[in-house]
Amino acid sequence: MDPRLAGAYLTIDLTALQSNYKTLTKIAGNTECAAVVKADAYGLGASRVAPALNAVGCRKFFVALPSEAVRLRKILPEVKIFVLGGLFEDCAEIYVQERLTPVLNRIEEIKTWSAMTADHGPLPAILHIDSGITRLGLMEPDIRLLAGTPQWLDGLEINYIMSHLACADDPTSSQNQQQLEQFDSLRKLLPEALQSTPVSFANSSGMFLGEDYLFDLARPGIALYGGNPTPTVPNPMKPVVHLQGKILQIHDVDSQKPIGYGATYRTSRKARIATVSVGYADGYFRCLGNQAECAINDKKVPVVGRVSMDMISIDVTDIALDECKPGDLVSLIGGPIDINSLATDAGTISYEILTSLGPRYHRLYLDVNL
Ligand SMILES: Cc1ncc(COP(=O)(O)O)c(C=O)c1O
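Residues numbered from 1 in each chain as written. Predicted model: local features only at pLDDT ≥ 70, side-chain atom pairs only at ≥ 80, totals over all residues. Heavy atoms only, no water.

(A) The arrangement of the pairing of strand β6 (residues 100–104) in detail. With respect to burial, β6 is a largely interior element, 5 of its 5 residues being buried. Burial along β6 is two-sided: L100, P102 and L104 facing one way and T101 and V103 facing the other are all buried. Relative to β6, strand β5 (residues 80–83) runs parallel, the two sharing 3 bridges. Directly across from F82, in β6, lies its bridge partner T101. Chirality of the crossover, the property in question, places the unit of β5, helix α5 (residues 92–97) and β6 among those that are right-handed. Bridging between β6 and strand β7 (residues 123–128) involves 2 bridges; their strand directions are parallel. Opposite V103, over in β7, you have I126 as the bridge partner. Handedness of the crossover joining β6 and β7 through helix α6 (residues 107–120) is recorded here as right-handed. (Buried < 20%, exposed > 50% of the residue type's maximum accessible area, 1.4 Å probe, protein only. Helix = DSSP H or I, 4+ residues; strand = E, 2+ residues; numbered from the N terminus. Pairing = 2+ DSSP bridges. Right-handed = clockwise from strand over helix to strand, strands pointing away.)

Here's what the structure looks like:
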C-alpha cells in the first residue's frame, strides 16, 4: 500500500524477531527450538516471518490449520510443518501431497493416518497427549486403548509425543508441575515402541519454567513476536511491532469540552486534542478509550474519549507545537508503549492485540539480514 494513502504504519522488525529466536535457542540449550506461526504468525505475516526464522536456523514450524500449512509449504518447501489442529476430515491425501505432519489428537485420526501408509509407505506424526488443559489430545482412556491395540500405529513414524501447558505464564501455578507429572505417567502407558520417542512440551512461557519442561523440542510463539513470556519479571524479548497512527487534525479547546462519542471525557483545562487515524476497525480495541496511552517522540499522552471505528483522540496539550502537527506519526504500540501493558489496559493479552491487527495498515518489514 502507498504509505501516503494509509492511516497508520505497522512496522515489523524481522531483525528483532530473529534476535528473539536466537535468545530462545540459548535458553533452550540442547533442546531444539521450533516456531509457532499459526494465525498468520500471530498477525505479523507468516510469509515474511517464517523465512526470517528459517534464515536463522529454524527448521520446524507449527500451524493450527491445514490451510495455513498449505500456504506455508509454498513459501518454505523444505521445512517440517506440523498441524496442531490434527488430521482434518477428508484431508489426509493433501497432508501426504504437501508433506504435512499432523498432530494426532484422537484415536480416529491415528487410525485414518495409519491406513494411509498402506498406499504411501511410512508417514510422520506427532502424538498429542492432553496432560491437563482439557482441550486437544489423547486422555488416559484413549491411551490405555492404544496401548492394548498398538497395531493402530502401524506405519506411523511418531516424531514426538507432545502436550501443552495451561498455566505456563504463571510460574507459581501448581498446575505446571501437575501437568508435568501427568504427562510423564501417561507417556509410560504408551506402547513399548514409543517409550524412547522424543518429547515436545514447552510453549514460550514453558521454556522459562526450568530444564524439566524443555525436553527435545520447544514450541514458542508469542515470545518470538515480543510478547512477555515471563509476565512476573521484565520482558527478556525484544519488541518486534511498531504501530504508528497519523494525526489528522488538532483542536485547541476550552476546559469542560466533551470529546468523542458519548461525551465520556471532558477536558479539565484548556487543551489541545489531536485526532489520530486508527480505530477499532484496525484492531485498536474500543475498550482502550480513556484507558490507554500513546507516545509522541517517546513522551506519553493519554487516549481521551471513546475509540471510534477509524479514529482516536489524544490529549497533546503537553507536547511542543512543532512536535505534533497534522501528518505527524503517533506511536500506539512500540517505543514507550509496551504491547504487554497495552494488552493489560485492554483487559486482554498481547496475543489478542497482535492477532487483531487490521488490514488497513501500511506494513513495513525491517530485515537488514535478509
Ligand atoms: C499447542 C501449542 N503449542 C505452542 C503454542 C505457542 O504458545 P505461545 O505463543 O504461548 O508460545 C500454542 C499457542 O497457542 C499452542 O496452542
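(B) Summary view of the site of the ligand. Near the ligand, the surroundings consist of 14 residues, among which K38, Y42, S204, G221 and Y351 are the closest. A distance of 2.5 Å is found between an oxygen atom of the ligand and a side-chain nitrogen or oxygen belonging to S204. The backbone of I222 places a nitrogen or oxygen atom 2.8 Å from an oxygen atom of the ligand. Bound to the protein, the ligand loses 92% of the 400 Å² it would expose on its own. (Near = heavy atom within 4 Å. Polar contact = N/O pair within 3.5 Å; in protein donor to acceptor, adjacent residues only side chain to side chain. Areas by Shrake-Rupley, 256 points an atom, 1.4 Å probe, with all protein chains shown as cover.)

(C) Focus on the side chain of N228. You can see N228 is positioned in the loop between β10 (217–218) and β11 (241–253). N228 sits in the buried class, given a relative accessible area of 16%. Beyond its immediate chain neighbours, meaning those up to four positions away, N228 contacts V233, P234, N235, P236 and N340. (Contact = heavy atoms within 4.5 Å.)

(D) Inspection of the side chain of K246 at higher detail. As for its position among the elements, K246 is in strand β11. In this structure, K246 is buried with no salt-bridge partner, the nearest side chain bearing the opposite charge being D2 at 7.3 Å. In this structure the side chain of K246 is engaged in a polar contact, spanning 3.3 Å, whose partner is the backbone oxygen of R4. With near-sequence residues (within four places) excluded, K246 lies in contact with P3, R4, L5, A6, G7, Y9, T275, V276, S277, G327, D328 and L329. (Lys, Arg positive; Asp, Glu negative; His and termini not counted. Salt bridge = Lys/Arg side-chain N within 4 Å of Asp/Glu carboxyl O.)

(E) Just unusual backbone geometry, in detail. Phi at T134 takes a positive value of approximately 55°, unusual for a residue other than glycine. Mapped onto the elements of the fold, T134 is located in the loop between β7 and α7 (140–148). For T134, a relative accessible area of 59% corresponds to the exposed category. Backbone geometry places D298, a non-glycine residue, at a positive phi of 70°. Within the secondary structure layout, D298 lies in the loop between β15 (293–296) and β16 (299–304).

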